Amino acid sequence: MRLPRRPRLLLPVAIALVAIVAFFFLFSGIYTDYLWFDATGFTTVFSGVVLTQIVLFLVGAVLMVAIAGGNMLLAFRTRPMFGPAMFGGASGADRYRMALDPHRKLIFIVGMALLALFSGSSFSGQWQTWLQFINGESFGKTDKLFGMDISFFMFDYPFIRMVLNFLFTAVIISIVLATITHYLYGGFRLQSPGVHASRAARVHLSVLLGVFVLLKAVAYWLDRYGLVFSDRGFVHGASYTDVNAVLPAKTILAIIALICAALFFAGVVRPGGMLPGVSFGLLVLSAILIGGVYPALVEQFQVKPNQQGKESPYIGRNIEATREAYNVDKTEVETYNAQADPTKVQANGDTSVSGVRLLDPSLVSSTYEQTQRIRGFYSFADPLDVDRYPDSSGKLIDHIVGVRELDGPPEGQNNWINQHLVYTHGYGFVAAPGNKVDSSGLPDYDAKDMPVTGPLVNSTQLKESRIYYGEDPASAEYVIAGGNPNAPQELDYPETGGTGQKNTTYTGRGGVPVGSFLNRLLYAAKYGEANIVLSGDVNDNSKILYVRNPRDRVQKVAPYLTLDGNAYPAIIEGRVQWIVDGYTTSNDYPYSQSESLGEMTRDTSTDRRVIAQQPSDRINYIRNSVKATVDAYDGTVKLYAWDSNDPLLKTWSNAFPGTIRPASEMSAELKQHVRYPEDLFKVQRYTLSRYHITDPAAFYSGQDFWNVPNDPTQGEKNIKQPPYYLTTTMPGGQPTFSLTTTFVPRQGPNLAAFMAVDSSASGEYGRMRILRMPSSTPIPGPGQAQNAFQSRFAGELNLLGVGASSVRYGNLLTLPYAGGLVYIEPVYIQVAAGGGQEPYPILQRILVSFGSKIGVARTLEEALQEVFGSEQQQQQQQEQEQTDEQQQAQPDQASTALNTAISNAQKAYSDAQKALQASPPDWDAYGDAQKRLEEALEALKGANAQPQSSPSPTPSGSPSASPSASPSATPTGSPPAAPSAPPSATPTG
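Given the structure is predicted, the values throughout are model-derived calculations rather than measurements.

> Got a sec to walk through the overall build of the protein? Specific residues and values, please.
Helix and strand counts for the protein stand at 28 helices and 33 strands. Out of the 989 residues belonging to the protein, those deemed buried represent 51%. Summarising the internal contacts of the protein: among those between residues at least 6 apart in sequence, 70% fall at separations of at least 24. Only carbon and sulfur atoms are counted for the fraction: they give 55% of the accessible area of the protein, which is about 43,400 Å².

> Quick rundown of the environment of serine 352? Include the residues and the values.
Its location among the elements puts serine 352 in the loop between strand E3 (332-335) and helix H11 (365-372). Spatially, the C-alpha atom of serine 352 lies 8.7 Å from that of threonine 727, the residues being 375 residues apart in sequence. The residues contacting serine 352, other than those within four sequence positions of it, are Thr729, Pro816 and Tyr817.

> Residue-level account of the packing of aromatic side chains, with values.
According to the stated counting rule, one finds 49 aromatic pairs in the structure shown. The interplanar angle of 80 degrees and the centroid separation of 5.4 Å between the aromatic rings of tyrosine 468 and tyrosine 633 together place this pair among those described as edge-to-face. One end of the pair, tyrosine 468, is in the loop between strand E10 (466-467) and strand E11 (478-481); the other, tyrosine 633, is in the loop between strand E21 (621-631) and strand E22 (637-641), and 165 residues separate them in sequence. Residues tyrosine 468 and tyrosine 633 agree in their burial class; the two are buried. On the basis of an interplanar angle of 45 degrees and a centroid distance of 5.1 Å, the ring pair of tyrosine 506 and tyrosine 633 is categorised as tilted. With tyrosine 506 in the loop between strand E13 (501-504) and strand E14 (512-513) and tyrosine 633 in the loop between E21 and E22, this residue pair connects regions lying 127 residues apart in the sequence.

> Tell me about the pairing of strand E32 (residues 840-850), and name the residues and values.
Judged by how many residues are buried, E32 sits mostly within the fold: eleven of eleven residues are covered. As defined by bridge partners, E32 adjoins strand E33 (residues 853-857) across five bridges and the pair is classed as antiparallel. Bridging from a neighbouring strand, phenylalanine 850 pairs with lysine 853 of E33. The hairpin turn running from E32 into E33, its antiparallel successor, is two residues long, and glycine 851 in that turn takes a positive phi close to 65 degrees.

> So what's going on with the pairing of strand E28 (residues 768-772)? Which residues, and what values?
Most of E28 sits inside the fold, with four of its five residues counted as buried. Two elements, E3 and E28, share four bridges in a ladder whose sense is parallel. By the bridge assignment, glutamate 334 is partnered in E28 with leucine 771.

> Explain the packing of helix H2 (residues 43-77) against helix H4 (residues 104-124) residue by residue, including any values.
H4 packs onto H2 with a crossing angle of 145 degrees between their chain directions and a minimal axis gap of 7 Å. Seen along the crossing, H2 lies across H4 with a hand that is right-handed.

> How would you sum up the sheet that holds E11? Please name residues and give values.
A sheet is described by the order of its strands in space; here three strands give the open sequence E11-E15-E14, paired in antiparallel fashion. Taken across any chain shown, the strands that pair with only one partner, and hence form the sheet edges, are E11 and E14. Packing against the sheet, helix H14 (residues 517-527) makes contact with E11, E14 and strand E15 (543-546), and its axis sits at approximately 30 degrees to E15.

> Talk me through a nonpolar patch on the surface; I want residue IDs and the actual numbers.
Judged by side-chain polarity, Phe280, Val284, Leu285, Ile288, Leu289, Val293, Leu297 and Phe301 come together as a nonpolar surface patch covering roughly 770 Å² of accessible area. Structurally, valine 293 is set in helix H9 (residues 274-303).

> So what about unusual backbone geometry? Which residues, and what values?
Residue proline 383 follows aspartate 382 across a cis peptide bond; omega there is 5 degrees. With an omega dihedral of -10 degrees, the bond running from methionine 450 to proline 451 counts as a cis peptide bond. Within the secondary structure, proline 451 sits in the loop between strand E9 (429-433) and helix H13 (455-460). Positive phi, normally seen in glycine, also occurs at asparagine 327, with a value near 60 degrees. Within the fold, asparagine 327 resides in the loop between helix H10 (307-325) and E3. By relative accessible area, asparagine 327 is classed as partly exposed at 36%. In this structure, alanine 818 takes a positive phi of about 55 degrees despite not being glycine. Along the chain, alanine 818 falls in the loop between strand E30 (813-817) and strand E31 (820-831).

> Explain the nonpolar core to me, using residue names and the numbers behind them.
Phe429, Ile480, Tyr523, Ile544, Leu639 and Phe656 are the most contacted members of the largest nonpolar core, which totals 121 residues. Among residues more than four places away in sequence, those in contact with phenylalanine 656 are Thr44, Val45, Gly48, Val49, Trp127, Leu131 and Tyr560. In terms of nonpolar packing, the next biggest core, distinct from the first, is built from 59 residues, Val328, Leu363, Ile846 and Val867 among them.

> Describe the packing of helix H5 (residues 127-135) against helix H19 (residues 647-655), naming the residues involved and giving the relevant values.
Relative orientation of the contacting elements H5 and H19 amounts to 100 degrees, with a least axis distance of 9 Å. Taken as axis vectors, H5 and H19 run roughly perpendicular relative to one another. For the pair H5 and H19, contact is made by Trp127, Gln128, Leu131, Gln132 and Asn135 and by Leu648, Thr651, Trp652, Asn654 and Ala655, respectively. The residue makeup of the contact of H5 with H19, split by class, is five nonpolar, five polar and no charged.

> Residue-level account of the pattern of salt bridges, with values.
By the definition in use, this model includes 27 salt bridges. Glutamate 369 serves as the salt-bridge partner of arginine 373, at 3.1 Å between the closest nitrogen and oxygen. Linking arginine 575 and aspartate 631 is a salt bridge whose minimum nitrogen-to-oxygen distance equals 2.7 Å. Highlighted residues: arginine 575 in strand E18 (residues 575-586) and aspartate 631 in strand E21, separated in sequence by 56 residues.

Rules of the game
Residues numbered from 1 in each chain as written. Predicted model: local features only at pLDDT ≥ 70, side-chain atom pairs only at ≥ 80, totals over all residues. Heavy atoms only, no water. Helix = DSSP H or I, 4+ residues; strand = E, 2+ residues; numbered from the N terminus. Buried < 20%, exposed > 50% of the residue type's maximum accessible area, 1.4 Å probe, protein only. Contact = heavy atoms within 4.5 Å. Areas by Shrake-Rupley, 256 points an atom, 1.4 Å probe, with all protein chains shown as cover. Phe/Tyr/Trp six-rings, centres within 6.5 Å; stacked < 30°, edge-to-face > 60°. Pairing = 2+ DSSP bridges. Axes fitted to C-alpha atoms, helices over the stretch in contact; angles between N-to-C directions. Left-handed = near helix turned anticlockwise from the far one by under 90°. Patch = residues over 30% accessible without salt bridge, like charges linked within 9 Å, V, L, I, M, F, W, Y side chains within 5 Å. Salt bridge = Lys/Arg side-chain N within 4 Å of Asp/Glu carboxyl O. Core = buried A, V, L, I, M, F, W, Y, C linked by side-chain atoms within 4.5 Å. Parallel < 35°, antiparallel > 145°, perpendicular 65-115°, else oblique. Nonpolar A, V, L, I, M, F, W, Y, C, P; charged D, E, K, R; others polar.

Below, the structure is given as structure tokens:
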């Protein structure tokens, strides 16, 4: 039945309309991408990647169609003249041929189009492999097995393997399609007895099988070079079995495959299936015996009985290559004869920890939020970042910094205009010195408020503090800024008086102009939002800003880089700039140990999802080759070649010339804020936990392997402790901004080593030093130090955390000090202020531990003095102990003093809570109450009461404080159970 004329015309029209719409959306995606790259100044990257992908797509599609389609056509052209009848009788193939034959041209065209699409897409996806192959730079180093330059394995080998895999796929598809065509058109029949084939079919399939086996011979030969990545042995890289069994086996198999290919080609001139059958059997048998059984026998009977001796040279190769590939080969390891007894060292005059950072950036983020957020639609990053800025004397001090980013419009006002045209940006840079707090325990801000004020603003000459480009994932995917400068509508910051808000109009260079109707239409299609076209607030001055996360912007202009998980803001030349560290990585460095990047960088910060997690891709080579900056106002991206000697970076510079600037163009102010990247340091500490050992025999035994300790502040969670930025002084050196970490033995809780890397570009940037602890003197590890802190001061800290408050431990810092290792940990009291505000931590105590001695105080200097007291102080302590003995003879007086001290503590705590619950909080009253609370605790220290017949009163609404040991006591394990009675002694502080 024929369709009416009108429906038959509507079908092609509908198909054409669908095709036009699909093409328009495809075009909008590509063209808006081009506009973005053009606005950022990286069109070289866009055109280079797109052209490479197009060329590879066409090459892959044409080659696949030519090989597979050509063989299919050849099979059809050489079909028997008499068709199926030449072998007599009918077969099951006849009905399939009769059904398909009328549509064979359409089926062929559609099939080849799909094949071209899939093969072209797969081939174009390998654009990085191609660009590295044609632009590869020499490493100037050779591998230990073949004596070939490392660049062959990094750039050439992956490309050859890619081409070989493509040809294998093409030949296999050709064999399948040719076999189906010959079968359908009578080229051969599966009938008794045996297979009957025409000469054309036999010749055609013999040649294809011969080509396949010939490619197999090439693959066997190429596999020899792949042995440098083998994981057969004790470590990665060619092992004893690989070198002495697999390598000759691959060579023999390549020769046998060549012979088998010749036998298949011989089937062209000699009829019958004997030669192909013999060659196939020979190939399979040799692959099993020579390629599988022989290496297994060598491994079982030669290597395993004497693995250490056999594998030792190859373990040595792995150690050398791994240390080079992860850039830890210049790490300095020195024995540090650390003291554990504070009475045997002289700490007087040692100022190496006087300026140590006490604010924990992962805890005080909520403090910044509550005290500097100003409005509920702003937020700060979690965690905050650590940077360096000068104090009033010009000395660089560690600062805790953050920017006030925009979450979005207030609740209930989240319409399209507010979200994309009004609430367009955050505002303000907030910073506080990390080594001090104000009288209330809050950060002592030197850059704060809106507009930004403070000493830091003057010293850095901050002129532009608007944040159009930031890290907040809750911010809008795109905003349209600019508009009418005569009637600004973008919220700049809240202010008192007038309308209650200060407005502005964006004037930055960043963003794509959307004044033309075409651009507005394209972006409306891109985001599926008609308002972009219809809104009267979008005019000739408007720009659309998108891809606003600094890491995303750098990743888009440098897709060949792996980026550090944590970008950080800095004031550079009067503007807020994001600094992003970029890595060149590979998994093709010969003999180097391959590991998961995500696993190597996993710690508390990544598990909390507060910074970006690295992918689980395996790597065995990494360099911090690029430092990138992103302007927080206009989004300008700049890439600097930080490691100009990296061959991988040179290769990508050849591929995209002019996109990476030399490091000499970095301003002195920018270099001042450059720091050693966290993720690289995590990878290197993971590597050095084993590869600090350079002797193959010691490496094989593994008895001196280390672990990165679990984060002691996370309780029982099995999560690694993150590294910490702080200013530290290594033995014989000067105070240096460093990135630090600790190691513990694989078996045991004691400290095994301390590692620090110079993180300041003005110093010996990248100098990595490990202080190995002596085996004869047990130095407490981080977990032991944390347990000692919690056990020793459980009573006092519980008393601080009464009512609505709770105790929170900050980052546990480890530093070389006074000939040993000192642990420093800030303790915060998390309080809830009035007005429905969320709880936030306030710094109240500093804990210090050196060996078995522990001190606690309101300041670091006082806590250090408790641990490293002078002889005079020791005499005073003895006199105090004599006084305590006398007081023990007067239980009634002591009891009265104890009750008075507890009453005073209760009153001080109550006054502090009232000050916090006031709206706004009365910080002066709170500080005064905290001082009185401290005095009450000091009084408790001197009140050594005898057990009373009746319990003494405790602060109302607070849990009973548990007793603490005397100041000279040494913690020996878990905290003792807290009795219900009041404390009989309170620790110093």
